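Notes for the structure review
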Amino acid sequence: MPHTVLVTGGAGFIGSHTVVELLDHGHEVIVLDDHSNSSPYALDAVTKLAGRPLAAVYRADLRDRGALDAIFTSHDIDSVIHFAAKKAVGESGRIPLEYYDINVGGTITLLRTMHDHGVHRLVFSSSCSIYGDTTTVPLAEDEPAGPTNPYARTKHLCEQLLADTCARHGELSVIALRYFNPIGAHPSGLLGEDPTGVPNNVLPYMAQVAVGRLTELPVFGADYATPDGTCVRDYIHVVDVADGHRVALDHLDEPGLSVFNLGTGSGASVRELLAEFSRAVGREIPHRVESRRAGDVPVLIADPSRVATAWGWRTTRDLRQMCADAWRFQQSHPRGYQPL
Ligand code: NAD
Ligand code: WQD
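Bear in mind the structure is a predicted one, so any value in this text is a computation, not a measurement.

1. Looking at the overall build of the protein chain
In terms of regular secondary structure, the protein chain is built from eleven helices and 14 strands. Here the C-alpha atoms of the protein chain give a radius of gyration of 19 Å, agreeing with the 20 Å that 2.2 N^0.38 yields for 340 residues. Taken along its principal axes, the extent of the C-alpha atoms in the protein chain is 55 × 45 × 40 Å. Of all 340 residues assigned to the protein chain, the portion counted as buried reaches 55%. Side-chain charges of the protein chain comprise 29 positive and 41 negative groups, with the mean position of each set lying 5 Å from the other.

Here is the structure:
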């Protein structure tokens, strides 16, 4: 059944790919984004790919209650997918109040507005970072949370406030998706990841080295207790993440909060990722081993069985495709979405 969906943060990396999936499956989409970490050009690529327009795009701050009220009054929204947040772990330690204000405060404003307008269906962006400093492999959803930085704590707090709100409002149905490490890009090469400033995450950093914007990839630690000494992560194709949101919309029928990992269930080390990305590019990516980055855990891999059992859903794209697609986007957008 087609839904009318408000997507907060819909111009961002995961949001823009999700909007394409939603449009491709016949849903009406309204985007709210303040473009604090995204380019409006991403939405041009979205409509080009989907071949049909968005119902509306609002450049607004999630915390602006007046703007949210106007959006919910103007459209017959029945569901919300909430991506808008700040997501840089290191920055969250430098400006924690900003993180709590946007990520937690923004979610509270959104929930209040949804409640006042009778909208009871929400998909929320959570994160594997809430598992924190863990040695459990793979990680199932009922592992205890132990977030180790302000960003991760904002996501954990949101899950808790969503559970409490669901307990009070029986009509509310929320799915929180804990993504592991989303990478890759739309296979068209039109849509991808375009971080502001120097990338924090490994794949966009590698991609910017490959196009010559950065000189070499720092490999943060090669002395971990892993097969090749570098950290292992569960990289997941962003189009699989987007597809997971599309499918989540069809499962927002049970009242209460449900939590699901979105991961592949297999890990790749930094060296393995580097080798696969080098294969996609066709040459070695310059890199240098540096000391460990504070806060990194050796291995983080999802147990994806809960979502497989509940929805019959699993990821379908492998590391090779993630790297090939990321490289296609980076090659065609060496400076991101900015005009050449
Ligand atoms: P992103 O920064 O590309 O997208 C977030 C979007 O929200 C951006 O377009 C930004 O402009 C917008 N935004 C930020 N603050 C806003 C505000 N106050 N009002 C309106 N819009 C605002 O990030 P992403 O990688 O697409 O992540 C999307 C969500 O997924 C985030 O909630 C993030 O915490 C979560 N997440 C991301 C990852 C990852 O590795 N990318 C992993 C787990 C969870
Ligand atoms: C991956 C691996 C680094 C950069 C982050 C967030 C997490 C979630 C996903 C939002 C690690 C190594 C990195 C570099 C490197 N996001 N690395 N050189 O830290 O697993 O997870 O994104 O919710 O909350 O923390 O991802 O891409 O930063 O790092 O060697 O220049 O690559 O040490 O082992 P991470 P990442």
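There is more to say after this.
2. Comments concerning the layout of surface pockets
Here the second largest pocket defines a volume of roughly 210 Å³. If you trace the second largest pocket, you find 13 residues lining it, with Leu111, Arg112, His115, Thr165 and His169 closest to the centre. At the level of elements, α5 (96-116) and α6 (150-168) are the ones that each hand at least two residues to the lining of the second largest pocket. Top contributing element to the lining of the second largest pocket by residue count: α5, with six residues. Grouping the constituent residues of the lining of the second largest pocket by class yields six nonpolar, four polar and three charged.

3. What about the sheet that holds strand β3 (residues 56-59)?
Sheet architecture is open: seven strands sit in the order β3-β2-β1-β4-β5-β6-β11, paired in parallel fashion. Both outer strands of the open sheet, β3 and β11 (256-262), are each paired with one neighbouring strand and no more. Each adjacent strand pair in this sheet contributes to an overall mean axis angle of 15°, direction not counted. The pairing of strand β4 (residues 79-82) with strand β5 (residues 121-127) spans three bridges and is classified as parallel. Residue His82 lies in a different strand from β5, and its bridge partner there is Phe124. Sheet strands in contact with α6 are β5, β6 (173-179) and β11, and its direction is about 150° off that of β5.

4. Some thoughts on the packing of helix α3 (residues 65-74) against α5
For any two helices packed against each other, the geometry comes down to the angle between their axes and how far apart the axes lie. Running from N to C, α3 and α5 point in directions that differ by 35°, and their axes come no closer than 10 Å. The hand of the α3/α5 crossing is right-handed. Here Arg65, Leu68, Asp69 and Phe72 of α3 come into contact with α5, specifically with Thr109, Leu110, Arg112, Thr113, Met114 and Asp116. Its residues placed into classes, the contact of α3 with α5 shows four nonpolar, two polar and four charged.

5. So, α3
Within α3, the full set of buried residues consists of Ala67, Leu68, Ile71 and Phe72. Along α3, the residues classed as buried sweep out an arc of 130° about the axis, all on the same side. Residues of α3 that are exposed and point more than 90 degrees away from the buried face comprise Thr73 and Ser74. Where α3 is buried, its residues touch β1 (4-8), β2 (28-33), β3, β4 and α5. With a side-chain oxygen positioned 3.1 Å from the backbone nitrogen of Gly66, the residue opening α3 is Asp64.

6. Considerations on the site of ligand 1
Taken together, 28 residues lie around ligand 1, and Asp33, Asn37, Ser38, Phe83 and Tyr151 are the ones closest in. For ligand 1, a nitrogen atom lies 3.1 Å from a polar atom in the side chain of Asp61. Phe83 places a main-chain nitrogen or oxygen 2.8 Å from an oxygen atom of ligand 1. Taken together, the elements giving at least two residues each to the shell around ligand 1 come down to α1 (13-24), β2, β5 and α6. Tallying contributions element by element places β5 first for the shell around ligand 1, with three residues. Grouping the constituent residues of the shell around ligand 1 by class yields 14 nonpolar, nine polar and five charged.

7. As for empty space enclosed by the protein
All chains considered together, the criterion is met by one cavity of 30 Å³ or more. One number sums up the size of the largest cavity: a volume of about 70 Å³. Forming the boundary of the largest cavity are Gly184, Ala185, Gly192, Glu193, Leu203, Pro204, Ala207, Ala326, Phe329 and Gln330. Of all the secondary-structure elements, those providing two or more residues to the lining of the largest cavity are α7 (202-210) and α11 (319-332). Its residues assigned to classes, the lining of the largest cavity comprises six nonpolar, three polar and one charged.

8. Topic: the pairing of β5
When you tally the buried positions in β5, you get seven out of seven residues, the bulk of the element. The side-chain alternation of β5 yields two buried faces, one formed by Arg121, Val123, Ser125 and Ser127 and the other by Leu122, Phe124 and Ser126. Looking at chain direction, β5 and β6 are connected through seven bridges and run parallel. Bridging from a neighbouring strand, Ser126 pairs with Arg178 of β6. In this fold, the crossover linking β5 to β6 by way of α6 has right-handed handedness.

Rules and cut-offs
- Residues numbered from 1 in each chain as written.
- Chains lettered and ligands numbered in written order.
- Predicted model: local features only at pLDDT ≥ 70, side-chain atom pairs only at ≥ 80, totals over all residues.
- Heavy atoms only, no water.
- Helix = DSSP H or I, 4+ residues; strand = E, 2+ residues; numbered from the N terminus.
- Rg over C-alpha atoms; globule rule 2.2 N^0.38 Å.
- Buried < 20%, exposed > 50% of the residue type's maximum accessible area, 1.4 Å probe, protein only.
- Lys, Arg positive; Asp, Glu negative; His and termini not counted.
- Charge placed at Lys NZ, Arg CZ, Asp CG, Glu CD.
- 1 Å grid on protein atoms, 1.4 Å probe; cavity = no way out; pocket = protein on both sides within 12 Å on 5 of 7 lines; lining within 4 Å.
- Points joined across faces, edges and corners; volume = space filled by probe spheres on them.
- Nonpolar A, V, L, I, M, F, W, Y, C, P; charged D, E, K, R; others polar.
- Pairing = 2+ DSSP bridges.
- Axes fitted to C-alpha atoms, helices over the stretch in contact; angles between N-to-C directions.
- Contact = heavy atoms within 4.5 Å.
- Left-handed = near helix turned anticlockwise from the far one by under 90°.
- Arc of directions from axis to C-beta.
- Polar contact = N/O pair within 3.5 Å; in protein donor to acceptor, adjacent residues only side chain to side chain.
- Near = heavy atom within 4 Å.
- Right-handed = clockwise from strand over helix to strand, strands pointing away.

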